[in-house]
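The residues making up each chain are set out below.
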Amino acid sequence: MKIFSESHKTVFVVDHCPYMAESCRQHVEFDMLVKNRTQGIIPLAPISKSLWTCSVESSMEYCRIMYDIFPFKKLVNFIVSDSGAHVLNSWTQEDQNLQELMAALAAVGPPNPRADPECCSILHGLVAAVEALCKITEYQHEARTMLMENAERVGNRGRIICITNAKSDSHVRMLEDYVQETIHEHNKLAQFVFPYVCLLSPVLTSEVHSVRAGRHLATKLNVLVQQHFDLASTTITNIPMKEEQHANTSANYDVELLHHKEAHVDFLKSGDNHVGGNSREGAFKETVTLKWCTPRTNSVELHYCTGAYRISPVDVNSRPSSCLTNFLLNGRSVLLEQPRKSGSKVISHMLSSHGGEIFLHVLSSSRSILEDPPSISEGCGGRVTDYRITDFGEFMRENRLTPFLEPRYKIDGSLEIPLERAKDQLEKHTRYWPMIISQTTIFNMQAVVPLASVIVKEAMTDEDVLNCQKTIYNLVDMERKNDPLPISTVGTRGKGPKRDEQYRIMWNELETLVRAHIGNSDKHQRVLECLMACRSKPPEEEERKKRGRKREDKEDKSEKSGKDYETDKPWQESERLKGLLDREKEELAEAEVIKDSPDSPEPPNKKPLITMDEMPVVEKAKGPMSLLSLWSNRINTANSRKHQEFIGRLNSVNNKAELYQHLKEENGMETTENGKTGRQ
């Protein structure tokens, strides 16, 4: 059955009775020339609109937004009700424009405050509204023509918006009952004149909105048009515009636009709706904020566009809205980006005009469908690489849907619905199910599998309880033996938590798993009691744990000191070499003193030789040594023991041996022997 939605046909029924000529009591300043007023001239008094004027302006704004965004297939019929019903237009597409409606309203004129109120009633307009909804539109006629003999399958629904002054709640209920009765009577009539009249849906749903006239009524209808036609709000921020008073300066303005809500579907899918706050209507609705990007060219560039939707400015008469629409209608395009505090900007939308109409284009800001499908690591949580993919496959296998042939009954005797039973099982299996390997310990342990597989059951047997208790006792034995646990160290520095901390994390997670299913049966409670009893350790066990922690701390300290020694080794080597250099400087100073004495011989200009005793001792390297180093050290040590020490080094003074002594003896010069000076 092809059903036209209730948004296809909308009927406005506006009260034209004498009381609609009353003031809305919201004053408008008429005399705006306050600063340049000549002295002695009395200022003009403020004016106020009538209830009729407020109703017409608000309803016209409703129609303007609807016509801007839906120029076709969304139709409006306008009816004025006083002593009778005055239908101002029809369902034809030619009558669907603001000019026709405004001309018809001008012909009707304002209500006469001196007319007899007893002769006026809103009921005339409601009856005419039901009659208008029963008439078929061009689009409905086309659909019925295509179905031929099945023309009755074309549904007919619509919406009536009545603007009136209700006296009480009983008055409102009377209007609802009257409309329901009128629909019933017209459906009876439609059975005899079916080719010309459609059956109207007998289901009547009504809403009552009590608001004040003036700007409050306009705001309410602005919110209703968004609800009726699935519209959303987008506010364009930081629009640069030149000031009228100062042509060389510019200021930033904001413009709010209405469009179909599908333009924000990518925000909803990603979970980031970029809601920047409330719109100009205050707390009634929210708006999505997008930033203006300065256009670089007049030509419309090709962009990967996933949708285009007509727009309508909220405040169409404001200067920022007028400047923006004229800018776009001149062939310019504007890119819009999502406001972000950090990172590169993301351009998600574009404003451009086509054929004299402005469209909001949705640009693809995510992966294209033409690219390769994303991997599982590129999810909402970022590039996560340690998903429990194998466990998830097993989880899907255990929760497959199969045909349910034989009926089953619950404990209370009621019939068990297979779908509800499947949902209940899925809920039990997912009460505690970490998705990432690094976020769990017990699901990475093979020893916990017997407990984790039976604890999710709705009812456990005595054998299941015994297996769970055995699993808990095995974990206690593992803790007593200080066995390692599969703790993930991703994102942590060092060796990770200590062994005692690892078991504490494991016990806490196991308790969380068991407590998630404690309400299934009493036997689940027994498993929890066994777990809590094993967690409360005796005093001697705690003392043993303390000794173990002290031993681990001592090992850590020794390992740390070893690392510190490795770090200090170059510093110690440099200090030793510095000592040798200082000793050489002292020896040179002594030689200078001998040289300055009148009888001292010229000291030899040779480098000092170091005795074997003062040679630096080669320390054994802490790290691994190569085979060549080991062999060279062994050969050098063996050779040093086989040869006789050089006699010059043995008879030297201050590690200095004088050469060519026989030449000096022949020339009668002084000789130095064993530290004594003499002349021959």
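See the structure above.
Residues numbered from 1 in each chain as written. Predicted model: local features only at pLDDT ≥ 70, side-chain atom pairs only at ≥ 80, totals over all residues. Heavy atoms only, no water.

Draft legend 1. Structural context of the nonpolar core. Ranked by internal contacts, the top residues of the largest apolar core, which has 34 residues, are F12, F78 and L105. Within the residue set of this core, elements represented by two or more residues are β1 (9–15), α1 (51–69), β4 (75–81), α2 (98–108), β6 (159–163) and α6 (215–228). With sequence-adjacent residues up to four places away left out, F78 is seen in contact with F12, V14, S59, M60, H86, V87, L88, N89, L101 and L105. In terms of nonpolar packing, the next biggest core, distinct from the first, is built from 27 residues, A452, V465, Y503 and L510 among them. (Core = buried A, V, L, I, M, F, W, Y, C linked by side-chain atoms within 4.5 Å. Buried < 20%, exposed > 50% of the residue type's maximum accessible area, 1.4 Å probe, protein only. Helix = DSSP H or I, 4+ residues; strand = E, 2+ residues; numbered from the N terminus. Contact = heavy atoms within 4.5 Å.)

Draft legend 2. Just α1, in detail. In a regular helix each residue adds 1.5 Å, so 19 residues correspond to 27 Å; α1 covers 28 Å between its end C-alpha atoms and thus fits that length. Of all 19 residues in α1, 15 are buried; the element is thus mostly enclosed. (Expected span 1.5 Å × (residues − 1).)

Draft legend 3. Region of the structure containing the state of the cysteines. The full count for this structure, using the stated rule, is zero disulfides. You can see C120 has no disulfide; the closest cysteine sulfur is in C17, sitting 4.4 Å from it. The class of C120 is buried, set by a relative accessible area of 14%. (Disulfide = S-S within 2.5 Å.)

Draft legend 4. The pattern of salt bridges, seen in detail. On inspection of all chains with the given rule, the structure shows 18 salt bridges. For E357, the salt bridge is made with R310, and the minimal N-O distance between the two is 3.0 Å. Placement of the pair is E357 in strand β15 (residues 357–363) and R310 in strand β11 (residues 305–310), with a sequence separation of 47 residues. Judged by its relative accessible area of 29%, E357 falls in the partly exposed class. Judged by relative accessible area, which is 23%, R310 ranks as partly exposed. Two residues, E511 and R535, come together in a salt bridge whose shortest N-O distance is 2.8 Å. Of the two residues, E511 sits in helix α13 (residues 499–515) while R535 sits in helix α14 (residues 522–535), which places them 24 residues apart along the sequence. A residue is classified by how much of its surface remains accessible, and E511, at 15% relative accessible area, is buried. Here the residues in one salt-bridge network are E61, R64 and D68, joined through shared partners. (Salt bridge = Lys/Arg side-chain N within 4 Å of Asp/Glu carboxyl O.)

Draft legend 5. Examining the layout of surface pockets more closely. The volume enclosed by the largest pocket comes to roughly 1,800 Å³. Elements with a contribution of two residues or more to the lining of the largest pocket: β2 (23–28), α1, α3 (123–134), β6, α5 (169–190) and α6. In terms of residues, the lining of the largest pocket owes the most to one element, α5, which gives seven residues. (1 Å grid on protein atoms, 1.4 Å probe; cavity = no way out; pocket = protein on both sides within 12 Å on 5 of 7 lines; lining within 4 Å. Points joined across faces, edges and corners; volume = space filled by probe spheres on them.)

Draft legend 6. Structural detail: the pairing of β1. Within β1, seven of the seven residues are buried, which leaves it mostly tucked inside the rest of the structure. With burial as the criterion, each face of β1 is covered, one bearing K9, V11, V13 and D15 and the other bearing T10, F12 and V14. Sheet topology places β1 next to β4; seven bridges connect them, and they run parallel. Among the inter-strand pairings, V14 is bridged to a residue of β4, identified as V80. As judged from the five bridges shared by β1 and β6, these two strands associate in the parallel manner. Within β6, the position partnered with V14 by the bridge is I163. (Pairing = 2+ DSSP bridges.)

Draft legend 7. Main features of the packing of α3 against α5. Where α3 contacts α5, the axes come no closer than 10 Å and their chain directions differ by 35 degrees. Relative to α5, the crossing made by α3 is right-handed. Contact with α3, carried on its side by L123, L126, V127, V130, E131 and C134, involves M174, L175, Y178, V179, T182, I183 and H186 of α5 and no other residues of that element. Counted by class, the contact of α3 with α5 contains 10 nonpolar, two polar and one charged residues. (Axes fitted to C-alpha atoms, helices over the stretch in contact; angles between N-to-C directions. Left-handed = near helix turned anticlockwise from the far one by under 90°. Nonpolar A, V, L, I, M, F, W, Y, C, P; charged D, E, K, R; others polar.)

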